Amino acid sequence: MLDDVFFAAHQGLPREAPGSVATTQLLFRLADVKTPVPHVLDVGAGTGPATIVLAKLGARVTAVDTHRPFLDDLLSNAITAGVADSISVDEVAMEALDYPDHRFDLIWAEGSAYIMGVDNALRRWRRLLAPGGAVVLTDANWLTTAPSREAADFWLSAAPEMRTVAQSIDAAQALGWVVAATYLLPDSDWDELYGPLAASINRLRHEQRADDEALDIVEKEIHIRRRFGAEYGYVGYVLRPAQTITDA
């Protein structure tokens with residue numbers, strides 16, 4: 001029931017995680033992939049907010065997600081944006097990617113790697129990278145070592161493995177990755193998500209298309225952000241296999 005309400009509230013939204021066109025463009029520049037036409041795997045692509053930007057930047061993008069309506073919206077958005085020829089989609093779980101080794105120059109995961117666990121993702125996706133490739137992901141991180149109880153309780157249920165930035169960097173390095181860059185997403189990137197989401201929730205309430213209690217659960221994330229936003233943020237990471245750095 002809650003999953004149905006979640007997807008209903010997010011259906012048709014421009015994005016499913018904090019972010020913006022400017023942030024995607026910046027992280028792509030920081031990734032500094034040298035291939036003239038990089039092949040990008042966009043994991044948990046949703047409706048394609050990053051997919052389309054990456055295609056406009058000259059990449060060939062394979063976008064994967066498990067929710068077919070999101071992928072249908074992505075393809076429609078790609079046609080509207082004039083980049084459909086640069087994008088293909090696969091309805092597949094991120095835990096079950098069976099592409100050949102070294103297939104992609106860049107693996108992209110804005111707000112999605114937490115689903116399988118960032119550490120698990122970094123272990124399992126590494127084989128997919130071509131030499132000189134990189135992983136770009138964004139993830140929710142604590143900006144304090146002593147978060148408020150209400151914020152901590154909420155994120156314990158939503159993202160139980162949530163860490164500080166320092167802990168995330170240490171974990172990536174322990175798994176054999178070099179952290180080439182980090183970037184704290186600005187508050188405006190949260191507005192890009194929560195503004196349309198709040199409007200969608202209000203519409204569902206008005207149309208009585210979902211249970212109010214279930215909508216309250218979906219909406220709670222917005223209230224937590226408004227009250228405790230200084231305690232956590234979304235952080236972008238550009239990661240390269242340590243051996244690649246050594247070989248260079």
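Look above for the structure.
Read on for a plain summary of the structure. (Residues numbered from 1 in each chain as written. Predicted model: local features only at pLDDT ≥ 70, side-chain atom pairs only at ≥ 80, totals over all residues. Heavy atoms only, no water.)

## Concerning the overall build of the protein
So, step 1. Check the secondary structure of the protein and you find 10 helices and 8 strands.
So, step 2. At 18 Å, the protein has a C-alpha radius of gyration in line with the 18 Å of a compact globule built from 248 residues.
So, step 3. Each principal axis of the C-alpha atoms in the protein carries an extent, and together these give about 55 × 45 × 30 Å.
So, step 4. Looking at the protein as a whole, 50% of its 248 residues qualify as buried.
So, step 5. Residue pairs at least 24 apart in sequence account for 74% of intrachain contacts in the protein once pairs closer than 6 positions are excluded. (Helix = DSSP H or I, 4+ residues; strand = E, 2+ residues; numbered from the N terminus. Rg over C-alpha atoms; globule rule 2.2 N^0.38 Å. Buried < 20%, exposed > 50% of the residue type's maximum accessible area, 1.4 Å probe, protein only. Contact = heavy atoms within 4.5 Å.)

## Let's talk about the pattern of salt bridges
So, step 1. Throughout the structure, instances matching the rule amount to 11 salt bridges.
So, step 2. The partner of Glu91 in a salt bridge is Arg68, and the shortest N-O contact between them spans 3.8 Å. Here Glu91 is found in strand S3 (residues 87-91), whereas its partner Arg68 is found in helix H4 (residues 68-81), with 23 residues between them in sequence.
So, step 3. Given a relative accessible area of 47%, Glu91 falls into the partly exposed group.
So, step 4. What makes Arg68 partly exposed here is its relative accessible area of 30%.
So, step 5. Between Asp216 and Arg205 there is a salt bridge, with the nearest N and O atoms lying 2.8 Å from each other. In this pair, Asp216 is assigned in helix H9 (residues 212-228) and Arg205 in helix H8 (residues 187-207), connecting sequence segments 11 residues apart.
So, step 6. Since its relative accessible area comes to 41%, Asp216 is described here as partly exposed.
So, step 7. Classification of Arg205 as partly exposed rests on a relative accessible area of 22%.
So, step 8. One salt-bridge network, held together by shared partners, links Arg205, Asp212, Asp216 and Glu219. (Salt bridge = Lys/Arg side-chain N within 4 Å of Asp/Glu carboxyl O.)

## Some details on the side chain of Asn141
So, step 1. Within the secondary structure, Asn141 is located in strand S5 (residues 129-142).
So, step 2. A distance of 2.3 Å separates polar atoms of two side chains, one belonging to Asn141 and the other to Tyr237.
So, step 3. In this structure Asn141 touches Met162, Arg163, Thr164, Val165, Ser168, Tyr232, Gly233, Val235 and Tyr237, once residues within four positions along its chain are discounted. (Polar contact = N/O pair within 3.5 Å; in protein donor to acceptor, adjacent residues only side chain to side chain.)

## Details of the nonpolar core
So, step 1. If you look at the biggest cluster of nonpolar residues, it comprises 28 residues, and the most contacted ones within it are Trp155, Met162, Leu197, Ile201 and Tyr232.
So, step 2. The set of elements that each furnish at least two residues to this core consists of helix H1 (2-10), S5, helix H6 (149-158), H8, H9 and strand S8 (232-241).
So, step 3. Here the element with the most residues in this core is H8; it accounts for 7 residues.
So, step 4. Not counting residues within four places of it along the chain, the set of residues in contact with Ile201 comprises Ala9, Leu215, Val218, Glu219 and Ile222. (Core = buried A, V, L, I, M, F, W, Y, C linked by side-chain atoms within 4.5 Å.)

## Some remarks on H4
So, step 1. The terminal C-alpha atoms of H4, which comprises 14 residues, lie 20 Å apart, in line with the 20 Å expected from a rise of 1.5 Å per residue.
So, step 2. All of the buried residues along H4 are Phe70, Leu71, Leu74 and Ala78. The arc that holds every buried residue of H4, seen down its axis, measures 95°, which confines them to one face. In H4, the exposed positions that point more than 90 degrees away from the buried face belong to Ile79 and Thr80.
So, step 3. Positive backbone phi, at 80°, marks Gly82, one or two positions downstream of H4. (Expected span 1.5 Å × (residues − 1). Arc of directions from axis to C-beta.)

## A look at the side chain of Arg225
So, step 1. Note that Arg225 resides in helix H9.
So, step 2. Contacts of Arg225, omitting those with residues within four sequence positions, involve Asp187, Trp190, Tyr194, Tyr232 and Gly233.

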